[in-house]
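# Architecture and fold: a report
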Amino acid sequence: MTRVLTTRAALRAALADAPRPVGLVPTMGWLHEGHRALMRRARAENATTVTTIFVNPRQFDDASDYTRYPRATEADLAACADEGVDIVWLPSVEEVYPPGFDTTVRVGAVAKPLEGAARPGHFEGVATVVATLFALVGAEQAYFGQKDAQQVLVITRMAADLALPTRVIPCPTVREPDGLALSSRNVHLSSTERAAAPVLHRALSAARAAFEEGEREGEVLRGLMMEVLATEPLAQVEYASCADALTLRELQRIEGPALLSVAVVLGTTRLIDNELVGVPR
Ligand code: AMP
């Protein structure tokens, strides 16, 4: 039985006597197979699974992006029930941020480049809501998608620095058969934009292939990704990065684990994707 709760008090009460360990899957809803994979993993590794569905206004740097973010509560609750989630927390904005809420969690260097540079305030919003969720749920484990690789690094840094007792577990990116990473935002793509969208994965795959053939120069790999992205006239490229996988500093030369990542705007929809190289797959 999936219990759907909306208040902080009800969530705390439900968790007081919940079987341990507890696994947490934070989401913004419009749930797809990527979210479901996180829920399945949480369920396999924990006695109680909690999913939160909350479109967090503080992590949107653009007000219209927030208002048009897709929402589908009924279908989301059905997906959670289908995956055997024990508790769904579906709070209002006021429940997460009650009147007087006046704290911001800001992570340092790892939150600055890439998404942090492109979306001012985004990671403050993410870190603040995730810290709140970690405190409310007190889970042993929390599951996050590697699709948002920088988010995983930011949250891992925050949890370590603030001694939060929840372990952050990164999970692989789930893709469409043509390589496009699943994302709630994909619903906004027109059919021509949808046809163009796999170019992100093509660019990353080309760079990965070059890496596997021995290419180690960051500039060459960035250039290769830009070249592939340029084959798609609809794609406006924001960045193509080859960075240290832990610090996210841009690399001249790859000598350890590296994160290849791209951000592209198609029409009015902004898409991101990444590939880790230099680590066992
Ligand atoms: P969101 O609802 O977009 O905030 O995402 C909630 C969680 O699902 C985050 O940890 C995301 O990284 C993760 N996620 C989103 N898309 C995917 C995907 N295609 N594969 C795996 N995880 C994903």
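Residues numbered from 1 in each chain as written. Predicted model: local features only at pLDDT ≥ 70, side-chain atom pairs only at ≥ 80, totals over all residues. Heavy atoms only, no water.

Here the focus is the sheet that holds strand β7 (residues 235-244). Spatially, three strands are ordered β7-β8-β9 in an open sheet, and the strand pairing comes out antiparallel. Either end of the sheet is taken by a strand with one partner, and the two such strands are β7 and β9 (269-277). In this sheet, adjacent strand axes meet at a mean angle of 15 degrees when their direction is disregarded. With nine bridges connecting them, strand β8 (residues 258-266) and β9 associate as antiparallel partners. Considered in β9, the bridge of A258 is made with V277. Contacts from helix α10 (residues 199-212) reach β7, β8 and β9 within the one sheet, and its direction differs from that of β9 by about 20 degrees. (Pairing = 2+ DSSP bridges. Helix = DSSP H or I, 4+ residues; strand = E, 2+ residues; numbered from the N terminus. Axes fitted to C-alpha atoms, helices over the stretch in contact; angles between N-to-C directions. Contact = heavy atoms within 4.5 Å.)

Before going further, it helps to examine the pattern of salt bridges. A full pass over the atoms with the stated rule returns 20 salt bridges. For R36, the salt bridge is made with E83, and the minimal N-O distance between the two is 2.8 Å. Taken together, the positions of R36 in helix α2 (residues 33-45) and E83 in the loop between α4 (73-82) and β4 (87-89) put the pair 47 residues apart, joining distant regions of the chain. The same class applies to R36 as to E83, namely buried. (Salt bridge = Lys/Arg side-chain N within 4 Å of Asp/Glu carboxyl O. Buried < 20%, exposed > 50% of the residue type's maximum accessible area, 1.4 Å probe, protein only.)

Before going further, it helps to examine the site of the ligand. In the vicinity of the ligand, 17 residues are found, and the nearest of them are H35, G145, D148, V174 and L182. Measuring from an oxygen atom of the ligand, one finds a side-chain N or O atom of H35 at 2.9 Å. The contact in question runs from a nitrogen atom of the ligand to an N or O atom on the backbone of L182, over 2.8 Å. Contact with the protein chains removes 93% of the 480 Å² of surface that the ligand exposes when unbound. No other element matches α2, which puts three residues into the shell around the ligand. Within the shell around the ligand, the residues separate by chemical class into eight nonpolar, seven polar and two charged. (Near = heavy atom within 4 Å. Polar contact = N/O pair within 3.5 Å; in protein donor to acceptor, adjacent residues only side chain to side chain. Areas by Shrake-Rupley, 256 points an atom, 1.4 Å probe, with all protein chains shown as cover. Nonpolar A, V, L, I, M, F, W, Y, C, P; charged D, E, K, R; others polar.)

Here we take up the state of the cysteines. Two cysteines form a disulfide when their sulfur atoms are joined by a covalent bond. Applying the stated rule across the entire model yields zero disulfides. For the unlinked cysteine C171, the closest cysteine sulfur is that of C80, found at 15 Å. (Disulfide = S-S within 2.5 Å.)

Axis separation between helix α1 (residues 8-16) and helix α7 (residues 122-137) bottoms out at 9 Å; the angle between their running directions is 45 degrees. Judged on the interaxial angle alone, α7 and α1 are oblique. Contacts between α1 and α7 pair R8, L11, R12 and L15 from the former with T132, A135, L136 and V137 from the latter. Among the residues making up the contact of α1 with α7, the classes are represented as five nonpolar, one polar and two charged. (Parallel < 35°, antiparallel > 145°, perpendicular 65-115°, else oblique.)

You can see H35 is positioned in helix α2. When its relative accessible area of 12% is taken as the criterion, H35 is described as buried. From its side chain, H35 meets the backbone nitrogen of H32 in a polar contact 3.0 Å long. Look past the residues within four positions of H35 in its chain and what remains in contact with it is T27, G29, W30 and S184.

A large share of strand β2 (residues 22-27) lies buried, amounting to six of its six residues. With six bridges connecting them, β2 and strand β3 (residues 48-53) associate as parallel partners. Across the sheet, the residue bridging to V25 is T51, located in β3. A crossover links β2 with its parallel partner β3, the connecting element being α2, and its sense is right-handed. (Right-handed = clockwise from strand over helix to strand, strands pointing away.)

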